[in-house]
Amino acid sequence: MEKGKFITLDGIDGAGKTTQLAVIRDWFEQQNLPVYFTREPGGTIVGEKLRKIMLDKHTHISVMTETLLMFAARQQHLEEIILPNLEKGVHVVSDRFTDATFAYQGAGRGVSLEKIECLERLVQEDFCPDLTILLDVPLSVSLSRIEQTRDKDRFEQENRAFFERVRSAYLTRAANAPSRYVVVNNICDKMEVKTEIEQILTRLFA
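What counts, and where the lines are drawn
- Residues numbered from 1 in each chain as written.
- Predicted model: local features only at pLDDT ≥ 70, side-chain atom pairs only at ≥ 80, totals over all residues.
- Heavy atoms only, no water.
- Phe/Tyr/Trp six-rings, centres within 6.5 Å; stacked < 30°, edge-to-face > 60°.
- Helix = DSSP H or I, 4+ residues; strand = E, 2+ residues; numbered from the N terminus.
- Buried < 20%, exposed > 50% of the residue type's maximum accessible area, 1.4 Å probe, protein only.
- Lys NZ or Arg CZ within 6 Å of the ring centre and 35° of its normal.
- 1 Å grid on protein atoms, 1.4 Å probe; cavity = no way out; pocket = protein on both sides within 12 Å on 5 of 7 lines; lining within 4 Å.
- Points joined across faces, edges and corners; volume = space filled by probe spheres on them.
- Nonpolar A, V, L, I, M, F, W, Y, C, P; charged D, E, K, R; others polar.
- Core = buried A, V, L, I, M, F, W, Y, C linked by side-chain atoms within 4.5 Å.
- Contact = heavy atoms within 4.5 Å.
- Expected span 1.5 Å × (residues − 1).
- Arc of directions from axis to C-beta.

K.L.:
I keep staring at the packing of aromatic side chains and nothing clicks. Help me out?
P.N.:
Think of a pair of aromatic rings as described by two things: how far the centres are apart, and how the planes are tilted against each other in angle. Tallied over the entire structure, the rule returns 11 aromatic pairs. For the ring pair Phe 28 and Phe 205, a centre distance of 5.7 Å and an interplane angle of 90° mean the geometry is edge-to-face. Here Phe 28, found in helix H1 (residues 17-31), pairs with Phe 205, found in the segment after helix H8 (190-204); they are 177 residues apart in sequence, far enough to count as distant. On the accessibility criterion, Phe 28 (1% relative accessible area) is buried. According to the relative accessible area criterion, Phe 205 is partly exposed, its value standing at 24%. Members of the aromatic cluster, connected to one another through ring pairs, are Tyr 104, Phe 155, Phe 162, Phe 163 and Tyr 170. For Arg 25, the ring lying beneath its charged end belongs to Phe 37, and the centroid distance is 4.1 Å. Sitting above the plane of the Phe 155 ring, Arg 154 keeps its charged end 5.6 Å from the centroid.

This is the structure in structure tokens:
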């Protein structure tokens, strides 16, 4: 049996992941391909509990604790959801994965890349997505969308400089590994973006 493909959708807060996840879901339904949608942090009972802790604006934890919790949730996510589905030939689409840790905890919070890379090797070994679709929008657009959020979580409450570092980290990672990443400008016409994402997926499964 051929293994499933692992696809991740990522980008800064306000990049429009929710809208494009719906596009991806519709594409898989149209192609009649088996697929499992999940998210990080979260995806499992343990992961969702850790997500609640990490996103709660009243939570006070150190930066390194936050990073370790992200990888703890990811370990459970891989063992319980991602790897078993891929082994069964089911494709998996995740709203965020390790790129988010490099961007948010690394560039945003200041955790060294060496520490994150060490945790990445420990938890994932050589496993990585087959494709990462990185949604990109100007920082002004991202911040405007975040500002419209009624109850901001711990990350959405961060300042402009934080999100500048996060966005820059995402784009740098994409530029350094063009074979895995596709950057999608998500302020273009909605139908243009939809068509682009559908074409990206079609190429992956060609």
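K.L.:
Teacher, can you tell me more about the layout of surface pockets here?
P.N.:
If a probe the size of a water molecule is rolled over the atoms, the empty space left behind becomes visible. In this structure, the largest pocket encloses a volume near 500 Å³. Along the wall of the largest pocket there are 25 residues; nearest its centre are Asp 13, Lys 17, Arg 51, Asp 95 and Arg 96. Elements with a minimum of two residues in the lining of the largest pocket: H1, helix H2 (45-55), helix H3 (63-87) and helix H4 (98-108). It is H4 that contributes the most residues to the lining of the largest pocket, 4 residues altogether. Its residues assigned to classes, the lining of the largest pocket comprises 9 nonpolar, 5 polar and 11 charged. Within this model, the second largest pocket holds a volume of roughly 320 Å³. Asp 99, Phe 102, Arg 173, Arg 180 and Tyr 181 are, among the 17 residues lining the second largest pocket, the residues nearest its centre. Mapped by element, the contributors of at least two residues to the lining of the second largest pocket are H4, helix H5 (113-124) and helix H7 (160-176). Per-class residue counts for the lining of the second largest pocket are 9 nonpolar, 3 polar and 5 charged.

K.L.:
Got a minute to help me understand unusual backbone geometry in this structure?
P.N.:
With the exception of glycine, most residues fall at negative phi, and the peptide bonds are largely trans. Here the bond from Glu 40 into Pro 41 is cis, since omega is -15°, no more than 30 degrees from zero. Within the secondary structure, Pro 41 is located in the loop between strand S2 (35-39) and H2. Of note in the backbone geometry, Arg 96 takes a positive phi value of approximately 80° without being a glycine. For Arg 96, the position within the fold is in the loop between strand S3 (91-95) and H4.

K.L.:
Is there a simple way to think about the nonpolar core in this case?
P.N.:
One recurring pattern in soluble globular proteins: nonpolar side chains tend to sit buried together. One finds Ile 12, Ile 24, Tyr 104, Ile 133, Tyr 170 and Ile 197 to be the most contacted residues of the largest nonpolar core, which totals 40 residues. Top element by residues in this core is H7. It accounts for 6 residues. Sequence-distant contacts of Ile 133, that is, excluding residues within four places in its chain, are made with Thr 8, Leu 9, Asp 10, Ile 24, Val 182, Val 184, Ile 197 and Ile 200. With 13 residues, the next largest nonpolar core counts Leu 86, Phe 97, Val 123 and Phe 127 among its residues.

K.L.:
How do you make sense of the environment of Glu 158 when you look at a structure like this?
P.N.:
Relative to the assigned elements, Glu 158 resides in the loop between helix H6 (139-147) and H7. On the basis of relative accessibility, which here comes to 27%, the residue Glu 158 falls in the partly exposed class. Sequence-wise, Glu 158 and Gly 108 are 50 residues apart; in three dimensions their C-alpha atoms are separated by 9.3 Å. With near-sequence residues (within four places) excluded, Glu 158 lies in contact with Arg 109 and Phe 163.

K.L.:
Sorry if this is basic, but what is going on with H8 here?
P.N.:
In an α-helix, one turn spans 3.6 residues, which is why side chains three or four residues apart end up on the same side. The first and last C-alpha atoms of H8 sit 21 Å apart over 15 residues, in line with the 21 Å expected at 1.5 Å per residue. Buried within H8 we find Val 193, Ile 197, Glu 198, Ile 200 and Leu 201. Considered in projection along H8, the buried side chains sweep an arc of 155° and stay on one side of the axis. Among the exposed residues of H8, those oriented more than 90 degrees off its buried face are Met 191, Glu 192 and Arg 203. Contacts made by the buried residues of H8 are with strand S1 (6-10), H1, strand S4 (131-136) and strand S5 (181-185).

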